[in-house]
Amino acid sequence: MDFTSAAADSFERVPGLSPRQDPSLQRGSPTPTLTPTPISLTVLQNGGNWTSGLLHGIMFEEMDHSGDGGIHGQLLRNNGFQGWDAGLTAYKPLGDVVLAQDINNPLTESMTSTLSVTLAPRPGAGTTSTEFVGFGNTGYNGIPVSNSTSNVEYYTSFWMMGDYTGDILIRLVGSRSGNVYGATDLNVRGDWAQFRFFETRFNVSVRPEMQRGYFEDNGENEWQVLWRADEVRGDVLNFGLVQLFPPTYKDRPNGLRDDIAKEVEALKPAFLRLPGGNNIEGLDVANRWKWNETIGPLEHRPGRQGDWHYPNTEALGLDEYMQWCEDMDMEPVLTVWDGKSYGGIIPAGEMQPYLVDILNELEYLLGPATTPYGSLRAHNGRIPPYNIPFIEIGNEDDYSGGCDTYASRLTLIHNTIHTAYPDITLIANNIDPACLPTPPIPGLMYDYHYYRNPDDLAAMFDLWDNWGRDRGKVIVGEYGVRNFSDPDGVFWGFVQGSCAEAVHMIGLERNSDVVRMAAYAPLVQHFGFTQWSPTLIGFDSRPNSFTPSTSYFVQRMFSTNRGTYVHPVQSTAGFGPVYWVATSNSSSYHLKLANFGDERQTVIVRFPGAGRGTLEMLSGPRDASNTPYNVTVVPSLTEFLVSSDVYTVYMEGWDVAVLVVS
Ligand code: AHR
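Position numbers for residues start from 1 in each chain and track the written sequence from start to end. Owing to the predicted nature of the model, reporting of local features is limited to residues with pLDDT of at least 70; listing and counting of side-chain atom pairs is limited to 80 or more, with chain, interface and lining totals taken over all residues. Processing note: side-chain calculations cover all non-hydrogen atoms of the structure and skip hydrogens and water entirely.

- You'll find the protein chain entered in an unreviewed UniProt entry as non-reducing end alpha-L-arabinofuranosidase, with Aspergillus keveii given as the organism.
- What UniProt records for the protein chain under Pathway (unreviewed entry) is the sentence "Glycan metabolism; L-arabinan degradation."
- UniProt positions are given in the numbering used here, feature names are shortened, and annotations may be inferred rather than shown by experiment. What UniProt states about the protein chain under its Sequence similarities (unreviewed entry) heading is, verbatim, "Belongs to the glycosyl hydrolase 51 family."

The following block contains the structure:
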């Protein structure tokens, strides 16, 4: 692609906006002075390329409790005793009871443990006490309660076995303050014949008089289940698969947390790459992500020890991922397991059962409801097939020992899927020629992941300019700034890092004829369980702890202003420290700018046409970060109307700007 950045005619200051109209004057910065070398950009109407409408998407995998305890709505931890060492994590006795993980009373064949709650023998007291006893679950370092004083409806459920008929008191309580944010009585009728399912909804709110205690709780809330000790015959009750949900996104049962999902939705992502990432690979072959163990009723999902060394409930399973894609209008980029795990790799000659498994998965997703797996999907509540335009074959075989055997496994899996589904675009999980088949497989896309420090990522601005157009299309399935020069890495996104990402994204947009899709990674983290940072979004159980990083805003600014055409730009300077790309769609022109340096810059832009516009600007000191309760680096948005076709943008060091003209 040939983008003109050659010196244009001599620079001339043409103030396109009067000071009052000039958006950059309205963002609280000191009155700007022209820099000695203003840059003049002229966006040309002719030339350029059609581009990928899919460029900016998201990548999700279960890590940092991004799913369980994160975007998935279920708030109780260890609710099904899954993974390798569940124990009594997150449970606490209430009153004179003894709790145990009970493997002798499984809920189902998949959910092999339940919680037994036994009244402690108390000399002289017996079981005649009228006190309330039971258990609590403290969630993922607490249970979030909205600080709204109006009612919010929570859903809760559990399975119970034992000789008890009567009321069970369910409460959401501050662990230290004792504040009760919500409570309900649920009438149950239980016996030892089988586990029975109970569910209810109850209102949760923070009454004004609780506000003080509420903030003292700081998210340390617990879900409690209580009954009168003297009303249980036999002293023991068993509970399985306990659940608590706040309002879910689009009211879906077993859905996403509404508050977090809405922030993801605001990114307007074009695609979702799922379900990993390392987390699909498995610590060993047996613990790989198995699609068929993530579908159907939750009590039939066994869960597994995920690659990030904690239990995955798989409540956010294959159907839920597809639902998420449909609800946010994203194309799924589905990764299938390719034979590589961290504990062993299946040789190509032994891949046959795994190829069949992939075809079964695809029949589940794409087959008519008359096929065996299509009918299973229908039985699970989804009659029409899903849409799967892209499938990635494994994850990062250029790392962790997969390279030597990837070409043969890739070829097998590619041929298997392509024969059955010729319209699906298949993606190799790396771009290293040493790990890929020769000659290349026609029509294959390639995924390349990179995490870099700010300077290195910005220096990769022209990476894709130099990718041979005959080498196939690309997805950058993971990228982002990490500071590898600091032994502790970057804890959280910061202005310079996000500016480097913007520089790189400008490079991606300029090359989106070849880079069809790209996703910052990872997406979300629970601050209490960080193993990888930074991510776009963080939160914990504290009220209003939701924290968008500076990178989140850069992603949002770029993704919500997507063009379908990249225009050549004539300029009076080369790239660096200021970088730009101009795009348009049927209604607007967009100019994206990043100033990757300390100095203030002036950019004068000529668009082919004039009119109503907006300037969105992310600005802040080089090292500034957003932290919980201190989200200070947020974009400003200014609307303006101009009568000429010339716009002047004043940029502080490290600013990222998107100018949109309709
Ligand atoms: O995004 C974090 C990890 O980085 C992913 O799981 C893996 O694909 C990459 O190495």
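Text resumes after the structure shown.
### Some details on the overall build of the protein chain
Part 1 of the reasoning: A tally of helices and strands in the protein chain yields ten helices and 36 strands.
Part 2 of the reasoning: Only C-alpha atoms enter the radius of gyration; for comparison, a globular chain is expected to reach 2.2 Å times N to the power 0.38, where N is the number of residues. Taking 2.2 N^0.38 as the reference for a compact globule, 662 residues should give roughly 26 Å; the C-alpha atoms of the protein chain span a radius of gyration of 28 Å, in line with that estimate.
Part 3 of the reasoning: C-alpha atoms of the protein chain, sized along the principal axes, occupy 100 × 65 × 45 Å.
Part 4 of the reasoning: Accessibility here uses a 1.4 Å probe with only protein chains present; expressed as a share of the type maximum, an area under 20% marks a residue as buried, one over 50% as exposed, and anything in between as partly exposed. The 662 residues of the protein chain split such that 59% are buried.
Part 5 of the reasoning: What makes two residues a contact is simply this: any of their non-hydrogen atoms within 4.5 Å. Here the contacts in the protein chain between residues at least 6 apart in sequence split such that 75% fall between residues at least 24 apart.
Part 6 of the reasoning: Computed with the Shrake-Rupley method and a 1.4 Å probe, the accessible areas treat only the protein chains shown as cover for residues. Just so you have it, the protein chain exposes about 24,900 Å², and 50% of that area is on carbon and sulfur atoms.
Part 7 of the reasoning: This count recognises Lys and Arg as positive and Asp and Glu as negative, with His and chain-terminal groups excluded. Note that the charge is assigned to NZ on lysines, CZ on arginines, CG on aspartates and CD on glutamates. Side-chain charges in the protein chain split into 44 positive and 77 negative, and the spacing between the mean points of these groups amounts to 5 Å. Only DSSP runs of H or I reaching four residues or more are called helices, and only runs of E reaching two or more are called strands; each is numbered from the N terminus.

### Observations concerning the domain arrangement of the protein chain
Size of an interface: often given as the accessible area lost when the parts come together.
Part 1 of the reasoning: Per the domain assignment, the segments of the protein chain are domain 1 (2–49 + 564–661), domain 2 (56–71 + 255–559) and domain 3 (91–245).
Part 2 of the reasoning: The split into domains, and so the bounds of each, comes from an automatic or database assignment of domains. One C-alpha centre belongs to domain 2, the other to domain 3, and the line joining them spans 36 Å.
Part 3 of the reasoning: Facing 17 residues of domain 2, the contacting portion of domain 3 comprises 19 residues.
Part 4 of the reasoning: Summed over both sides, the interface between domain 2 and domain 3 buries roughly 1,500 Å², with carbon and sulfur atoms accounting for 61% of that surface. The term buried area refers to how much accessible surface (probe radius 1.4 Å) is lost by two components on association, counted for both of them together.

### Overview of helix 5 (residues 352–366)
Part 1 of the reasoning: Between its terminal C-alpha atoms helix 5 stretches 21 Å, which fits the 21 Å expected from 15 residues at 1.5 Å a residue.
Part 2 of the reasoning: If you check which residues of helix 5 are buried, you get Tyr354, Leu355, Ile358, Asn360, Glu361, Leu362, Tyr364, Leu365 and Leu366.
Part 3 of the reasoning: Contacts from the buried residues of helix 5 go to helix 4 (318–327), strand 17 (331–336), helix 6 (372–379), strand 20 (390–393) and helix 7 (403–420). Any helix carries an expected span of 1.5 Å times its number of residues minus one.

### Let's talk about the sheet that holds strand 7 (residues 132–137)
Part 1 of the reasoning: Note on pairing: DSSP must find at least two bridges between two strands before they are called paired. Taken in spatial order, the five strands make up an open sheet running 4-7-12-9-10, and their pairing is antiparallel. In this open sheet, the two edge strands, each paired with only one partner strand, are strand 4 (91–94) and strand 10 (180–189). If you compare each strand with its neighbour and ignore which way they point, the axes differ by 20 degrees on average. Axis geometry follows a simple rule: fit a line to the C-alpha atoms, using only the stretch in contact for helices, then measure angles between N-to-C directions, giving values from 0 to 180 degrees.

### Let's talk about the state of the cysteines
Part 1 of the reasoning: Criterion for a disulfide: a pair of cysteine sulfur atoms within 2.5 Å. Under the definition given, this model contains one disulfide.
Part 2 of the reasoning: Put simply, Cys403 and Cys435 are joined by a disulfide, and their sulfur atoms are 2.2 Å apart. Between Cys403 and Cys435 the sulfur-sulfur dihedral comes to about -100 degrees; the bridge is accordingly left-handed. Taken together, the residues Cys403 in helix 7 and Cys435 in the loop between strand 21 (425–428) and strand 22 (445–452) connect sequence positions 32 residues apart. Exposure class is identical for Cys403 and Cys435. Each is buried.

### Thoughts on the site of the ligand
Part 1 of the reasoning: Here, proximity means that at least one heavy atom of the residue falls within 4 Å of the molecule or strand. Near the ligand you find Glu61, Met63, Gly277, Asn278, Trp308, Asn395, Glu396, His449, Tyr451, Glu478, Pro522 and Trp532, and these make up its full shell.
Part 2 of the reasoning: One of the side-chain N or O atoms of Glu61 is found 2.3 Å from an oxygen atom in the ligand.
Part 3 of the reasoning: Take Glu396: an N or O atom from its side chain is 2.8 Å from an oxygen atom of the ligand.
Part 4 of the reasoning: Protein chains bury 94% of the 280 Å² of accessible surface belonging to the ligand in isolation.
Part 5 of the reasoning: Note that Gly is not counted as nonpolar here; it falls among the polar residues with everything else outside the nonpolar set of Ala, Val, Leu, Ile, Met, Phe, Trp, Tyr, Cys and Pro and the charged set of Asp, Glu, Lys and Arg. Looking at the shell around the ligand residue by residue, the class counts come to five nonpolar, four polar and three charged. The term polar contact refers here to a pair of N or O atoms within 3.5 Å; inside protein, the definition further demands a hydrogen-donor-capable atom paired with an acceptor-capable atom, and it admits residues adjacent in sequence only when both atoms are side-chain atoms.

### Considering the sheet that holds strand 11 (residues 196–204)
Part 1 of the reasoning: One open sheet holds the five strands; their spatial order is 5-6-13-8-11, and the pairing between them is antiparallel. Strands with a single pairing partner mark the edges of an open sheet, and in this sheet they are strand 5 (97–102) and strand 11. Adjacent strand axes in the sheet meet at a mean angle of 30 degrees, parallel and antiparallel pairs treated alike.
Part 2 of the reasoning: As paired elements, strand 8 (residues 152–162) and strand 11 share nine bridges and run antiparallel to each other. Paired with Trp159 across the two strands is Phe197, which belongs to strand 11.

### Observations regarding the packing of helix 5 against helix 7
Part 1 of the reasoning: Two elements in contact, helix 5 and helix 7, have axes separated by 10 Å at closest approach and are oriented at 35 degrees. Of the two possible hands of crossing, helix 5 and helix 7 adopt the one that is right-handed. The segment helix 5 lies against helix 7, with Leu355, Ile358, Leu359 and Leu362 engaging Leu412, Ile413, Thr416, Ile417 and Ala420.
Part 2 of the reasoning: Here the contact of helix 5 with helix 7 is built from residues that sort into eight nonpolar, one polar and no charged. Two helices that cross are described as forming a left-handed crossing if the nearer one is turned anticlockwise from the farther one by less than a right angle, and a right-handed crossing if clockwise.

### Some words on the side chain of Ser571
Part 1 of the reasoning: Within the secondary structure, Ser571 is located in strand 29 (residues 569–571).
Part 2 of the reasoning: Residue classification places Ser571 among the buried residues on the basis of a relative accessible area of 0%.
Part 3 of the reasoning: A distance of 2.7 Å separates a polar atom in the side chain of Ser571 from the backbone oxygen of Ala573.

### Re the environment of Trp291
Part 1 of the reasoning: Note that Trp291 resides in the loop between strand 14 (271–274) and strand 15 (304–305).
Part 2 of the reasoning: Apart from residues no more than four positions distant in its own chain, Trp291 is found in contact with Leu318, Asp357, Asn360, Glu361, Tyr364 and Tyr373.

### Some remarks on unusual backbone geometry
Part 1 of the reasoning: Residue Leu274 is joined to Pro275 through a cis peptide bond whose omega torsion reads -10 degrees.
Part 2 of the reasoning: Of note, Pro275 is situated in the loop between strand 14 and strand 15.
Part 3 of the reasoning: Note the cis peptide between Ala521 and Pro522, where omega equals -15 degrees.
Part 4 of the reasoning: Following the sequence through the fold, Pro522 ends up in the loop between strand 24 (515–520) and strand 25 (524–526).
Part 5 of the reasoning: The phi torsion at Leu241 lies on the positive side, around 40 degrees, for a residue other than glycine.
Part 6 of the reasoning: Locating Leu241 in the fold gives a position in strand 13 (residues 236–245).

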